[in-house]
Amino acid sequence: MTAEQPSGAEPFESTVDGLARTLAEVDADGALHETAAAAFPGTRAAFLRRSVAAAVAGVGGLFTAESAEAADAAMTKNDIAILRFDLVLEYLQAGLYTEVERLGALTPKTLGWARVVGAHERAHVAALKGLLGRNIVPSPTFNYGNVSSNERAFIRTAVGFEDLTAALLKWQAPRLDSRSIVAAAVSLHSVETRHAAWIRHLIGLRPAANAFDKPASQQRMARLIASTNFIASRPRLASRTRPRLTG
Amino acid sequence: MRRLALVGASLLIAAAAVAFPKLVQKAGDEAAGSGRAHPAEFADANGLPRAPRPAFTVGPPALLDSRESHARFAPVVRPVKARALPHPDSAPVALLTRETEEETTNIVLVLGEPRSRRGGTWVHVRLPVLPNDRTAWVPRSALGGFQFVHTHLVVDLTRFMATLFRRGRPVFRTAVGVGQTAWPTPKGEFYIRDKVSDFDDPFYGPIAFGTSARSAVLTDWPGGGFVGIHGTNQPELIPGRISHGCIRMRNDDIVRLSRLMPVGTPLTIR
């Protein structure tokens, strides 16, 4: 894994631009584009702005005004953007592990890991949504393909996700403006590193390979997500066409 | 024997409780190298700034209920031949398209576990074709992401009653109109395919659900004779055998049902 070094001087805008370029290269149907756009409000790119407005409007009624105002007052735009990215990532992980458990197609050992870690990731989703209030980004639709029913593919994906999530949180922590969010984020970070060590141990990889871990950027995580093709177009399940049912 | 083991474990825990503080003290003394009980660095920690209150705390993890009842469906993402067996050389049963007659995404109800074998992963699905109740296999790659639902609609043709269950418990029940003798509502296992609203046709009421059930009689009906669940402009006829095969309910009932029942819900007509 070639993780990037943190750079305190790197402006957030360059992160957005980097992600936009990555998405343009790999996101064939635009679904990932929309999700990432919702995770990066207030950017210069027009396509990002449009999607953000739609995402925020779509979830505006889910939280009380008081909690939303409190969250807004406590968080900078930068912090919101980072947390929204994390929320998408948590949706992705929670969705995969939940599907694995429901399908029940993997070995008992791997299922046991997915059951516990899935519960953790769902708790992370709930915590991040509570903090973000009206700034939450709705969950995308996921298609995990055969990864959720194929032992080898699942483990490879889980190791990648858990390793990179731990590295990503390390990258994000020094970029957060609010110390109280940093204080909360480190409680997530240590759990993600435990997940990573656990799944590595399960398959005989060294749980702790280095004395020091390197951070990994949001761009890198976005590339990983894009490479999986897990984010899918939402199926159209309702219409306004006149029915042609038998009546 | 069990009692002996318990006593032994208790003694071990008690011994550890006595020994642990002494070990810590000894280690601290050795680290300080001065014989002091607490190294100076420990005392300095009191002068550090107070930590901010964490912006959020993560709640307790909620494990899935192992008895959880759920069904799953998946969209058809490319036209594909559904086959009798999970093998590319198996006989085709039906062609699945990407769209329904109502211009929604075509979905299939997924049954059992995916089956992986050389040549790919296959999924057993319930089909929206005649004869009713038909199942077949499609490659996993022809389907989109699985979506899970926890509801199940049961329509009793004898009692003219529809009941929606969520996680095994009834959450909605109402009287319905069903197919007349000449155009019977088919019995079997089906699923809700899509939802149509705002179409301005009082005959169907305000909302109609498309299902995978098809009339075995009205095969030349526009759209292929799919059976729906919808409202009505003749509520006084409910309950009874009144329709061309569709399941009709009063308009306020179909509106209520539409708030409770997601697309993809399994449907049993008996």
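The residue numbering used here restarts from 1 in each chain and proceeds along that chain's sequence as written. Both sets of labels track the order of writing: A upward for chains, 1 upward for ligands. Selection of residues for local features in this predicted model requires a pLDDT of at least 70, selection of side-chain atom pairs for listing and counting requires 80 or more, and totals for whole chains, interfaces and linings are taken over all residues.

Peer 1: Could you clarify how one ought to interpret the overall build of chain A in this entry?
Peer 2: Helix and strand counts for chain A come out as nine helices and three strands. Under the scheme used here, helices are H or I runs from DSSP no shorter than 4 residues and strands are E runs no shorter than 2 residues, and both carry numbers assigned from the N terminus. Element order for chain A, N to C, with α for helix and β for strand: α-α-α-α-α-α-β-α-α-α-β-β. Taking all 247 residues of chain A together, the buried fraction comes to 49%. For chain A, the proportion of contacts with a sequence separation of at least 24, taken over those separated by at least 6, is 79%. Each residue is classified by how many other C-beta atoms fall within 10 Å of its C-beta atom, where C-beta atoms are placed from the backbone; a count of 20 or more means buried, 12 or fewer means exposed, and values in between mean partly exposed. Contacts here follow a simple rule: the backbone-placed C-beta atoms of the two residues must lie within 7 Å.

Peer 1: Is there a simple way to think about the overall build of chain B in this case?
Peer 2: Looking only at helices and strands, one finds three helices and 17 strands in chain B. Expressed as a percentage of contacts within chain B between residues at least 6 apart in sequence, the contacts between residues at least 24 apart total 57%.

Peer 1: So what exactly am I meant to see when it comes to the pairing of strand β13 (residues 207–214) of chain B here?
Peer 2: Walk down a regular strand and you will see the side chains alternate between the two sheet faces. All names here are of chain B. Burial of β13 is extensive: eight of the eight residues sit out of reach of the surface. Along β13, one buried face is formed by Ile-207, Phe-209, Thr-211 and Ala-213 and the opposite face, lined by Ala-208, Gly-210, Ser-212 and Arg-214, is buried too. Here, any two strands with at least 2 DSSP bridges between them count as paired. The pairing of β13 with strand β14 (residues 226–230) spans four bridges and is antiparallel. The partner of Arg-214 across the bridge, within β14, is Phe-226.

Peer 1: I'm lost on the interface of chain A and chain B in this one. Help?
Peer 2: Where interface size is quoted, it is often the accessible area lost as the parts come together. Counting residues at the interface gives 48 residues for chain A, matched by 57 residues for chain B. When residue character is reported, Ala, Val, Leu, Ile, Met, Phe, Trp, Tyr, Cys and Pro are called nonpolar, Asp, Glu, Lys and Arg charged, and the others, Gly included, polar. Class assignment for the residues of the side of chain A that touches chain B results in 20 nonpolar, 18 polar and 10 charged. Relative to strand β12 (residues 188–197) of chain B, strand β3 (residues 238–239) of chain A is paired through two bridges, and the arrangement is parallel. Bridging from a neighbouring strand, Ala-238 of chain A pairs with Lys-195 of chain B of β12 of chain B.

Peer 1: Got a minute to help me understand the confidence of the model for chain B in this structure?
Peer 2: Caution is warranted with low-pLDDT regions, since their predicted coordinates should not be read in detail. The predictor attaches a confidence to each residue, called pLDDT, with possible values from 0 through 100. In the predicted model, chain B carries a mean pLDDT of 87, and 84% of its residues have values of at least 70. Both confidence scores are given for the complex: pTM 0.78, ipTM 0.78.

Peer 1: Looking at this structure, how should I read unusual backbone geometry?
Peer 2: Residues and elements named next belong to chain B. Residue Leu-130 is joined to Pro-131 through a cis peptide bond whose omega torsion reads -5 degrees. Tracing the backbone shows Pro-131 in the loop between β5 (120–126) and β6 (135–139). Each neighbour pair has its own omega, and for Ile-238 with Pro-239 the value is 0 degrees, a cis peptide bond. Here Pro-239 shows up in the loop between β14 and β15 (240–243). The phi dihedral of Glu-103 falls on the positive side, at around 65 degrees, and the residue is not glycine. Residue position: Glu-103 is located in the loop between β3 (92–96) and β4 (107–117). Owing to 12 C-beta atoms within 10 Å, Glu-103 belongs among the exposed residues under this scheme.

Peer 1: Whenever I open this one, the packing of helix α6 (residues 108–132) of chain A against helix α8 (residues 179–202) of chain A confuses me. Can you help?
Peer 2: All names here are of chain A. Only C-alpha atoms enter the line fits that serve as axes; for helices the fit covers just the stretch in contact. Angles between N-to-C directions range over 0 to 180 degrees. For the pair α6 and α8, the least separation of the axes is 11 Å and the interaxial angle reads 170 degrees. Considering the angle they form, α6 stands roughly antiparallel to α8. For the pair formed by α6 and α8, the contact residues are Lys-109, Thr-110, Trp-113, Val-117, His-120 and His-124 on the first element and Leu-188, Val-191, His-195, Trp-198, Ile-199 and Leu-202 on the second. Partitioned by chemical class, the residues of the contact of α6 with α8 number seven nonpolar, four polar and one charged. Note on angle classes: values under 35 degrees are labelled roughly parallel, values over 145 roughly antiparallel, values of 65 to 115 roughly perpendicular, and the remainder oblique.

Peer 1: Honestly, α6 of chain A in this entry has me stumped. Any pointers?
Peer 2: In an α-helix, one full turn covers 3.6 residues, which means residues spaced three or four apart are oriented alike. The end-to-end C-alpha distance of α6 of chain A is 36 Å, a good match for the 36 Å that 25 residues give at a rise of 1.5 Å each. Gly-133 of chain A occupies a position one or two residues after α6 of chain A and carries a positive phi of about 55 degrees. By definition here, a helix of n residues has an expected span of 1.5 Å times n minus one.

Peer 1: I would appreciate a short explanation of the confidence of the model for chain A in the present structure.
Peer 2: Residue and element names in this part refer to chain A. When pLDDT is averaged along chain A, the result is 78, and 70% of the positions lie at 70 or above. Contacts for the low-pLDDT stretch residues 1–29, under 50 throughout, to residues beyond four places or in other chains number 43 contacts. Below pLDDT 50 for its whole length, residues 40–72 participates in 39 contacts with residues either more than four positions away or in separate chains.

Peer 1: What is the right way to read the nonpolar core from this model?
Peer 2: Within soluble globular proteins, side chains that are nonpolar tend to cluster in buried spots. Nonpolar cores are built from buried Ala, Val, Leu, Ile, Met, Phe, Trp, Tyr and Cys residues. These are joined into a set through C-beta atoms within 7 Å. With 59 residues, the main nonpolar core has Leu-87 and Leu-92 of chain A as its most contacted residues. Looking at this core, the elements that each hand over two or more residues are α5 (77–103), α6, α7 (151–172), α8 and α9 (218–228) of chain A. The next biggest cluster of nonpolar side chains, apart from the first, holds 47 residues, and it includes Val-76, Leu-109, Leu-153 and Met-261 of chain B.

Peer 1: Please explain the environment of Gly-120 of chain B as it appears in this structure.
Peer 2: All names here are of chain B. In this fold, Gly-120 is placed in strand β5. The exposure class of Gly-120 is partly exposed, given the 16 C-beta atoms found within 10 Å. Taking the C-alpha atoms as reference points, Gly-120 and Leu-143, 23 residues apart in sequence, are found 13 Å from one another.

Peer 1: Can you walk me through the environment of Thr-104 of chain B in this structure?
Peer 2: Of note, Thr-104 of chain B is situated in the loop between β3 and β4. Among the residues examined, Thr-104 of chain B registers 21 C-beta atoms within 10 Å and is labelled buried. Taking the C-alpha atoms as reference points, Thr-104 of chain B and Val-178 of chain B, separated by 74 residues in sequence, lie 25 Å from one another. Discounting chain neighbours no more than four positions away, the residues touching Thr-104 of chain B are Arg-236, Leu-237, Ala-238 and Ser-239 of chain A together with Glu-99 and Asp-194 of chain B.

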